[in-house]
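Per-entry structural report
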Amino acid sequence: EEEFKRGLLWVSPQRQKEQTLVLQRNFKEQAPDKDWIDMIDGKVDTAAQQLLSRQIAMIPPHVPTSTYTPPGDSNKAGLDKQKPEDRAYLRKVCDDFGESVAKSMAQGAQKLAVTRDETVDEAGHHLLFAVVRADKFCDTETTGKVVAAVQEYLSRRPDGSGQAFVVHGRSGAGKTYLMSKIMVGHIEERAGKGCVVIRFLGTSPASSAVQPLLSSLCKQLRRCYDKEEEVPSDFKELKAYFRKAVAEWPSEEQPLTLFIDSVDQLDDSNAGRRLEWLPMSGLSPHVRLVVSTLPDPDNAEFQCLAQLRKGLGLADGASEGSCIVEVETISDHIRVLRHLLKLQGRTLTPEQEAAVDAAFLLRGENDDAAGTPLWLTIVAQFLALWTSYDGVKFEINPSVRGLIKDLFERLETTHGKHLVRAVLAFLTLCRRSGVSETELVHLLSLDDDVLADIYEWWVPSMRTCPPLVLTMLLAELAPYLSRRGDGSGQQLVSWYHRQFWEAAEEYLFGESGQQREGFISREERHTQLADFFAGKWAGKAKPYSAWLSERVQRPQFCPGETAGDRMVPTQPLVLEGRLTSAESERLLNTRRIQEHVDHAIRAGDKTSAVGDLCSIQYVAAKVAADDVSDLLREYSAAIERFPDQASALGEFAAFVGRNLDALRQKIPTAPFQFALQEPDTSGPYQSIKRLAERGGDPLIAIAGASGAENAARLVHWRDKPQQSDPCQLTIREHEGIVNAVAFSPCGKWVASGSDDMTIKICSAGTGEVKCTLTGHSGSVYSVAFSPDGTRVVSGSEDT
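Next up on the list: the overall build of the chain. Scanning the chain for helices and strands turns up 29 helices and 22 strands. Along the longest, intermediate and shortest principal axes, the C-alpha atoms of the chain span 110 × 90 × 60 Å. For the chain, the residues scored as buried account for 47% of the 799 residues in total. Once the 91 positive and 111 negative side-chain charges of the chain are each reduced to a mean point, those two points are 3 Å apart.

Put into structure tokens, the structure is as follows:
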């Protein structure tokens, strides 16, 4: 009665209409039974019935009400689910209830929905990231030197040098926490004066590659300085826009401080780690730029620290002076450990502290991360679980990599090896953007070994992985994971430090490509991911493995059952609206668009990968998601993996490449119209033709075709050329006339010389600049690769 009053009667009429529902089941045709009617000594309780009648009469007439009368007769009580009429009745009640509740929830969500501001979301993500880590920072003598050096740079009066400041240190040295402390302190000191922009590279999709990074930085700067110039999408124009914003917009009244942490975390698209996009010298007097990176490993392809030194005008071996500082080995490890444990409300016994001290002193010279704050952070996490009477429960590994592997083994003992290995694999292989908890539950539900292990003592009614099993595992992994939004409302989980995914790679897939015995291969894990993001098993019963069949078919559970619906979702390219709909009227399945083909290529699933890449719908989806550059990279990777499909893939890659500028305008129907203008025998034309014949989207009807009439929005070019345009890709990177071009012997790279006195090495598949070579003082008129493709020679009218 109390719920009836508070939930229905004591709310406003508007809420009664929108948020309440009455389902009334009438049992008058059934024999009385205590399961649905109040009875005393086998007879109906008339007083209770009168109260119920009065309560029903109190239901306001405007409240949505449905009445259901179950089939049956007055001589028999209850329902028999084996009878079709009883089964239909129960289904009707359940379906109506579910539909009504879902509709009410959707209406409520729609009222609460807000328009996302990607610029604010991105800035907020990095600010929160900094604040959380600054609160956990523990200052020591070595970190104090770095903080003092950076603060001196930030407060330095303009001296005309216009240089940036570089912080570098080995992996796990605590650079990110150190930078967080400096950032938060600087923001507080500024107190709203000027513009402070911070980025922790690799912690969000928009900070993992240079093009989305520059786009997000430019959008934030444009907002801060109230500029009207739109941020371009072309990478060359984006670099120029960023340099202009940094050079011209800051002023004495509104200076700019830009912090960029971990530039080594960028991927290699558009030569991001070459750092040619980042102005390290010649900065405006009103600009301060602080950058952090790892030291350069020997023989690494991308030497970020060397590139930063070059940008500062420092020759190899030259003194670092006042613009570079190194984060040195931690000076007081026990103090830091006590601080980390205090954050968790824990302390150690002298015996336990001595064990940590001994492990710290045993650190090896070859383990770059041994004895670092990262090592102490991992140690503190499991020490916090020790009690004073435990003593030293196990030996503490002196290396970070060893600590992480020990952690994985303990998790296997606690949660089961199949579950732990699957979760570690999905987290590691999805490191480009991360994976959501919901996706992990679905992926685990498709893994027969995981289910068989979980179903050892009990088999639930649905063939899925119980979410609580994953929740408990992720709770133990939580200190080592980062969570971030992907712009679509999902929260993605990924490793927060490179040491974890590198350790997981070795642990799961072996070192130097040697597969570990008893572990599932990398290719098979990619296959699981590709199948899920393709929706392969959505709405279907997936057959059981022998082990899972043995578990499920036990006599007390489901004898004879050989397959089960794993309850995974379908994966259309568009969740709402159509690909031809305006951006505001559609909802893209960004996870499917970003993940499926990449995993299919890595899995060697030719049918699935080529099927998408040779589909005009997939091309349109990548265009709509602003992932055209990634699409070209997928074509290059697929051609290399599936050489027998090079012709078909190359045809689509050329189609995208020659229309690149127009496709980047993101006009919804443009990919389909351009495909229609291709020769009739071409792959793109055949794809759009099949799509138009299949129907379903009135905007893809072809004008002049049967049934198209006035609804058509695509124009059929009847006398079009029947030979493909020889243009494969348009590359616009030079500032002057291009005088010479040469292909590498392998065909993957293009070298070009220009009047702008530079040589650019670009990918022949994507057009992305690998590097820019400088040194000439005149126009470059000739370029050539060496026969082995490792060197480029150039000729110029140098004076």
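The subject of this paragraph is the pairing of strand β18 (residues 749-754). Each regular strand shows side chains that alternate between the opposite faces of the sheet. Burial analysis of β18 places five of its six residues in the buried class, which makes it a mostly covered element. In the sheet, strand β17 (residues 738-743) pairs with β18 via five bridges, with the strands oriented antiparallel. The residue bridging V738 from the neighbouring strand is S754, located in β18. Hairpin connection from β17 to β18: five residues lie between these consecutive antiparallel strands, with G747 at a positive phi of about 80°. Strand direction decides the pairing type here: β18 and strand β19 (residues 759-763), joined by five bridges, are antiparallel. Looking at β19, one finds that G753 is bridged to I759.

We now examine the pattern of salt bridges. Scanning the entire structure with this criterion turns up 38 salt bridges. A salt bridge links R401 to E506, with the nearest nitrogen and oxygen atoms 2.8 Å apart. Placement of R401 in helix α14 (residues 400-415) and of E506 in helix α19 (residues 498-509) is noted, with a sequence separation of 105 residues between them. The partner of D448 in a salt bridge is K542, and the shortest N-O contact between them spans 3.5 Å. Note that D448 is positioned in helix α17 (residues 448-454) and K542 in strand β13 (residues 541-543), a separation of 94 residues in sequence. Accessibility expressed as a relative area gives 15% for K542, which makes it buried. One network of salt bridges, with partners in common, ties together D264, R401, K405, R498, E502 and E506.

With 74 residues, the main nonpolar core has W375, L383, I396, L477 and W495 as its most contacted residues. At nine residues, helix α15 (residues 417-429) tops the list of elements feeding residues into this core. Listed in part, the 44 residues of the second largest apolar core include L573, I593, A621 and I688.

A word on the pairing of strand β22 (residues 792-796). Alignment of strand β21 (residues 780-785) against β22, held across five bridges, turns out to be antiparallel. Considered in β22, the bridge of A784 is made with V793. If you look at the hairpin formed by β21 and β22, you'll find six residues sitting between the two strands, and G789 has a positive phi there, around 75°.

Interaxial distance between helix α24 (residues 616-624) and helix α25 (residues 628-641) falls to 7 Å at its minimum, and their mutual angle equals 140°. When the axes of α24 and α25 are compared, the pair comes out oblique. Every residue of α25 that contacts α24 at Y618, V619, K622 and V623 is listed here: V628, D630, L631, E634 and Y635. Residue classes in the contact of α24 with α25 are distributed as six nonpolar, no polar and three charged.

A few words on the packing of aromatic side chains. The description of an aromatic ring pair uses the distance of the two centres, along with the angle that the planes make with each other. Counted under the stated rule, the structure contains 16 aromatic pairs. Members of the aromatic cluster, joined through ring pairs, are F408, Y480, W495, Y496, F500, Y507 and F519. Over the aromatic face of F519 sits the side chain of R421, whose NZ or CZ is 3.7 Å from the ring centroid. Positioned over the ring face of W501 is R431, at 3.9 Å from the centre of the ring.

As a further point, take the side chain of H776. With respect to the secondary-structure elements, H776 resides in the loop between β20 (769-773) and β21. H776 sits in the buried class, given a relative accessible area of 19%. One polar contact links H776 to S794, side chain to side chain, over a distance of 2.7 Å. In terms of polar contacts, H776 uses its side chain to reach the side chain of D798, at 2.8 Å.

This paragraph deals with the layout of surface pockets. One number sums up the size of the second largest pocket: a volume of about 960 Å³. Around the second largest pocket, the lining is made up of 32 residues, and of these V22, L23, Q24, R25 and I56 lie nearest the centre. For the lining of the second largest pocket, the secondary-structure elements that each account for two or more residues are α2 (13-19), β1 (22-25), α3 (46-57) and α4 (84-112). With six residues, α4 is the largest single contributor of residues to the lining of the second largest pocket. Each residue belonging to the lining of the second largest pocket can be placed in one class, and the counts come to 15 nonpolar, twelve polar and five charged.

Attention now goes to the sheet that holds β17. Taken together, four strands build an open sheet; the order of strands is β17-β18-β19-β20 and the sheet is antiparallel. At either end of the open sheet lies a strand with only one pairing partner, and these are β17 and β20. Within this sheet the neighbouring strands show an average axis-to-axis angle of 20°, counted without direction.

Restricting attention to buried positions, one finds in helix α18 (residues 467-477) the residues V469, L470, L473, L474 and L477. Looking straight down α18, one finds its buried side chains confined to an arc of 125°; they lie on one side. Turned more than 90 degrees away from the buried face of α18 sit P467, L468 and A475, all of them exposed. Elements in contact with the buried residues of α18: α14, α15, α16 (437-445), α17, β11 (481-485) and β12 (491-495).

Turning to a nonpolar patch on the surface, a few remarks are in order. A cluster of nonpolar residues, L21, F97, V101 and M105, forms a patch on the protein surface that exposes about 360 Å² of accessible area. Note that V101 resides in helix α4. Given a relative accessible area of 30%, V101 falls into the partly exposed group.

Strand order in the open sheet formed by five strands is β6-β7-β8-β5-β9, and the pairing between neighbours is parallel. A single partner strand is all that each edge strand has here, and the edge strands are β6 (195-200) and β9 (324-326). Each adjacent strand pair in this sheet contributes to an overall mean axis angle of 10°, direction not counted. Bridge count for β6 against strand β7 (residues 256-261) is six bridges, and the pairing is parallel. Within β7, the residue paired with F200 across the bridge is D261. Running over the sheet, helix α6 (residues 141-155) touches β5 (165-168), β7, β8 (287-293) and β9 and is turned about 155° from β8.

It is worth spelling out the state of the cysteines at this point. By the definition in use, this model includes zero disulfides. Here C614 stays free of any disulfide, with the sulfur of C727 as its closest cysteine sulfur at 19 Å. Owing to a relative accessible area of 17%, C614 belongs among the buried residues under this scheme.

The next subject is the environment of R578. Positionally, R578 belongs in the loop between β15 (574-576) and β16 (587-588). Sequence-wise, R578 and L714 are 136 residues apart; in three dimensions their C-alpha atoms are separated by 15 Å. Not counting the four nearest positions on each side in its chain, R578 is found in contact with R586, G696, D697 and P698.

The rules behind these values
- Residues numbered from 1 in each chain as written.
- Predicted model: local features only at pLDDT ≥ 70, side-chain atom pairs only at ≥ 80, totals over all residues.
- Heavy atoms only, no water.
- Helix = DSSP H or I, 4+ residues; strand = E, 2+ residues; numbered from the N terminus.
- Buried < 20%, exposed > 50% of the residue type's maximum accessible area, 1.4 Å probe, protein only.
- Lys, Arg positive; Asp, Glu negative; His and termini not counted.
- Charge placed at Lys NZ, Arg CZ, Asp CG, Glu CD.
- Pairing = 2+ DSSP bridges.
- Salt bridge = Lys/Arg side-chain N within 4 Å of Asp/Glu carboxyl O.
- Core = buried A, V, L, I, M, F, W, Y, C linked by side-chain atoms within 4.5 Å.
- Axes fitted to C-alpha atoms, helices over the stretch in contact; angles between N-to-C directions.
- Parallel < 35°, antiparallel > 145°, perpendicular 65-115°, else oblique.
- Contact = heavy atoms within 4.5 Å.
- Nonpolar A, V, L, I, M, F, W, Y, C, P; charged D, E, K, R; others polar.
- Phe/Tyr/Trp six-rings, centres within 6.5 Å; stacked < 30°, edge-to-face > 60°.
- Lys NZ or Arg CZ within 6 Å of the ring centre and 35° of its normal.
- Polar contact = N/O pair within 3.5 Å; in protein donor to acceptor, adjacent residues only side chain to side chain.
- 1 Å grid on protein atoms, 1.4 Å probe; cavity = no way out; pocket = protein on both sides within 12 Å on 5 of 7 lines; lining within 4 Å.
- Points joined across faces, edges and corners; volume = space filled by probe spheres on them.
- Arc of directions from axis to C-beta.
- Patch = residues over 30% accessible without salt bridge, like charges linked within 9 Å, V, L, I, M, F, W, Y side chains within 5 Å.
- Areas by Shrake-Rupley, 256 points an atom, 1.4 Å probe, with all protein chains shown as cover.
- Disulfide = S-S within 2.5 Å.

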